[in-house]
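Structural description and commentary
What follows is each chain in one-letter form.
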Amino acid sequence: MDERDFSLSPEELAQFERDGFIGPFDLYDEVEMEKNLGALRPKLLNTKKSVYSDEKTASAISNYDRHLDIDALGEHIARPEIVDRVASILGPDTLCWRSEFLMKYPGDEGTDWHQAEDFSSLTDSKSPQIQWPEGSERRGTVTVWTAFTEASVETGCLQFIPGTHTQMNYDETKGMDYDSDVVNALEKDGTRRGFFGYDYRQLQKDPNWRPDESRAVSQVMRPGQFIIFWSTLMHASHPNTSADKARLGYSVRYLPTAARVYPGLTELKEFGSTISLERYGSVLTSGVDEFRHNRFVDTTVNGYRFPVRATRVSA
Ligand SMILES: O=C(O)CCC(=O)C(=O)O
Ligand SMILES: [Fe+2]
């Protein structure tokens, strides 16, 4: 295990609290990233050991949680460069509850402006997917988005509106209609954007409100860099206008162990398909779990042991 400490400095933490994001940071060099991606491609196609292998329809949901069956991704979510920084935000005891691939092929629309607090908006059940302890002022999840390929304005890099993470403009309980036909078919204020078959505008608290795009900042990243942001930050991505460059982002979501993951849920219905959470578990990424209210992966399921960053000795 890497003994170096990658915690955020007090200045970086203050910046993160103010802006709702920080980065990019280096993780893999470009040559290493390209090699990793080459090795990853065939593994992504093999869903035999995926915890959602019983799913009936292939959809965006089949991108979820491949860190649970692909060793290289299991290593990725537990990398000290990421976990130390996440733990300096969330406290020493952290878990990873979700990872997903976000692909933009040449010609694809950008991702809608959005904010996510409890991730109930996509599920048919409208139940929160995550829940902070009662009395906590925190909301949302810490997301770490890694550029597995070049993320430029042309290929569809992320955009943020700094400082918007403390005020939700969307009501996740409103619900959105899923329609695979609207993928790549919508234009919003002159930009081709959508939300993978949903239209995030349906959740707006005020239907007449518009995101203040004049304040948006583009997050250009080279392959192998990552950026950290609150899911409650106003975020989106540019359309991929390149002729031949696919943009692949890998988003990993973290919480303190004090928060609850999928409270009362046994399945997820999103993007027009259903997955059973029977084989799902969170991954302890640092410290210890004193709460015992979350299910963690049985590390023997796929024969892989996650390298937990022990930030303090278990009591
Ligand atoms: O990659 C994108 O275009 C959007 C990413 C995103 O919304 C997220 O990671 O939460
Ligand atoms: Fe998002």
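Above this text is the structure in question.
Definitions and cut-offs
- In this convention, every chain numbers its residues from 1, walking through the sequence in written order.
- Chain letters start at A and ligand numbers start at 1, both assigned in the order the entries are written.
- Confidence filtering applies because this is a predicted model: local features only for residues at pLDDT of at least 70, side-chain atom pairs given and counted only at 80 or more, and all residues used for totals across whole chains, interfaces and linings.
- The side-chain figures draw on all heavy atoms in the structure; neither hydrogens nor water molecules are used.
- Going along the chain from the N terminus, every DSSP run of H or I of four or more residues is numbered as a helix, and every run of E of two or more is numbered as a strand.
- For every residue, the accessible area obtained with a 1.4 Å probe (protein chains only) is divided by the maximum for its type, and the residue is called buried under 20%, exposed over 50%, and partly exposed between those limits.
- Any two residues having at least one pair of non-hydrogen atoms within 4.5 Å are treated as being in contact.
- Here the open area of atoms and residues is found with the Shrake-Rupley method and a 1.4 Å probe, where only the protein chains shown may cover a residue.
- A positive count includes Lys and Arg, and a negative count includes Asp and Glu. His and the chain ends are not counted in either.
- Think of each charge as sitting on NZ of Lys, CZ of Arg, CG of Asp or CD of Glu.
- Salt bridge, as used here, is a side-chain nitrogen of Lys or Arg placed within 4 Å of a carboxyl oxygen of Asp or Glu.
- When at least one non-hydrogen atom of a residue lies within 4 Å of a molecule or strand, that residue is treated as near it.
- Two N or O atoms form a polar contact when they lie within 3.5 Å of each other; inside protein one atom must be a possible hydrogen donor and the other a possible acceptor, and for residues adjacent in sequence the pair counts only when both atoms belong to side chains.
- Pairing of aromatic side chains requires ring centres within 6.5 Å, counting the rings of Phe and Tyr and the six-membered ring of Trp. Pairs whose planes differ by under 30 degrees are stacked, by over 60 edge-to-face, and all others tilted.
- Placement of a positive charge over a ring is assigned whenever Lys NZ or Arg CZ falls within 6 Å of the ring centre and within 35 degrees of the normal to the ring plane.
- One bridge is not enough; two strands pair if DSSP finds at least two bridges between them.
- Simply put, an axis is a line fit to the C-alpha atoms, just over the touching stretch for a helix, and the angle between two N-to-C directions goes from 0 to 180 degrees.

A word on the overall build of the protein. In terms of regular secondary structure, the protein is built from four helices and 16 strands. With respect to the three principal axes, the spread of C-alpha positions in the protein is 55 × 45 × 40 Å. Here the protein, with 315 residues, has 53% of them falling under the buried criterion. Nonlocal contacts in the protein, meaning residues at least 24 apart in sequence, comprise 82% of its contacts between residues at least 6 apart. Accessible surface, the protein: about 14,100 Å² in total, of which carbon and sulfur atoms supply 48%. The averaged location of the 50 negative side-chain charges in the protein is 2 Å from the averaged location of its 36 positive side-chain charges.

With that settled, consider the pattern of salt bridges. Under the defined criterion, the tally for this structure stands at 14 salt bridges. In this structure, D26 and R222 form a salt bridge, with 3.3 Å as the shortest nitrogen-oxygen distance. Here R222 lies in the loop between β9 (217-219) and β10 (225-230) and D26 lies in strand β1 (residues 21-26), a separation of 196 residues in the sequence. On the accessibility criterion, D26 (49% relative accessible area) is partly exposed. R222 sits in the partly exposed class, given a relative accessible area of 25%. For E213, the salt bridge identified is with R193, shortest N-O distance 2.8 Å. One end of the pair, E213, is in the loop between β8 (191-194) and β9; the other, R193, is in strand β8, with 20 residues separating them in the sequence. A residue is classified by how much of its surface remains accessible, and E213, at 28% relative accessible area, is partly exposed. Through salt bridges with shared partners, a single ionic network connects D112, K188, D199 and R201.

A few words on the site of ligand 1. Close contacts around ligand 1 come from 13 residues, with T111, H114, W145, R247 and S251 the closest. Between ligand 1 and H235 there is a distance of 3.2 Å, counted from an oxygen atom to a side-chain nitrogen or oxygen. With respect to ligand 1, the side chain of R247 contributes an N or O atom lying 2.9 Å from an oxygen atom. The protein chains hide 97% of the 290 Å² of surface that ligand 1 would expose on its own. Counting only elements with at least two residues in the shell around ligand 1, the list comes to β2 (94-104), β5 (142-147), β11 (234-237) and β12 (247-256).

Further remarks concern the packing of aromatic side chains. Inspection of every chain in the model, using the stated rule, returns 18 aromatic pairs. A ring pair is formed by Y262 and Y280, whose centres lie 4.9 Å apart and whose planes are at 75°; its orientation type is edge-to-face. With a gap of 18 residues between them, Y262 in the loop between β13 (260-261) and β14 (267-270) and Y280 in the loop between β15 (273-276) and β16 (283-286) connect regions that are remote in the sequence. Neither residue differs from the other here; Y262 and Y280 are each classed as buried. An aromatic cluster of at least three residues, connected via ring pairs, comprises Y170, F195, F196, Y200 and W209. In this structure, R85 is placed above the aromatic ring of F25, and the distance from its NZ or CZ to the ring centre is 4.0 Å. Just above the ring of Y64 sits the side chain of R98; from NZ or CZ to the centre is 4.0 Å.

Within the element layout of this structure, Q115 appears in the loop between β3 (110-111) and β4 (130-131). You can call Q115 buried: its relative accessible area is 0%. Within the structure, Q115 has its side chain in polar contact with the backbone oxygen of Q167 (distance 2.9 Å). Other than its neighbours up to four places away in sequence, Q115 contacts T164, Q167, M168, N169, Y170, Y200, S231, T232, L233 and M234.

Once that is clear, we can look at the sheet that holds β9. Either a parallel or an antiparallel arrangement is found when strands of a sheet pair, and the pairing is made through backbone hydrogen bonds. Taking strand neighbours across the sheet as the criterion, the three strands line up as β9-β6-β11 in an open arrangement whose pairing is antiparallel. Lying at the two open borders of the sheet, with one neighbouring strand each, are β9 and β11. Each strand of the sheet is rotated relative to its neighbour by a mean of 30°, with strand direction disregarded. Alignment of strand β6 (residues 158-161) against β11, held across four bridges, turns out to be antiparallel. Note on β11: the bridge partner recorded for I161 is M234.

By themselves, these figures tell us nothing about what the structure is for.
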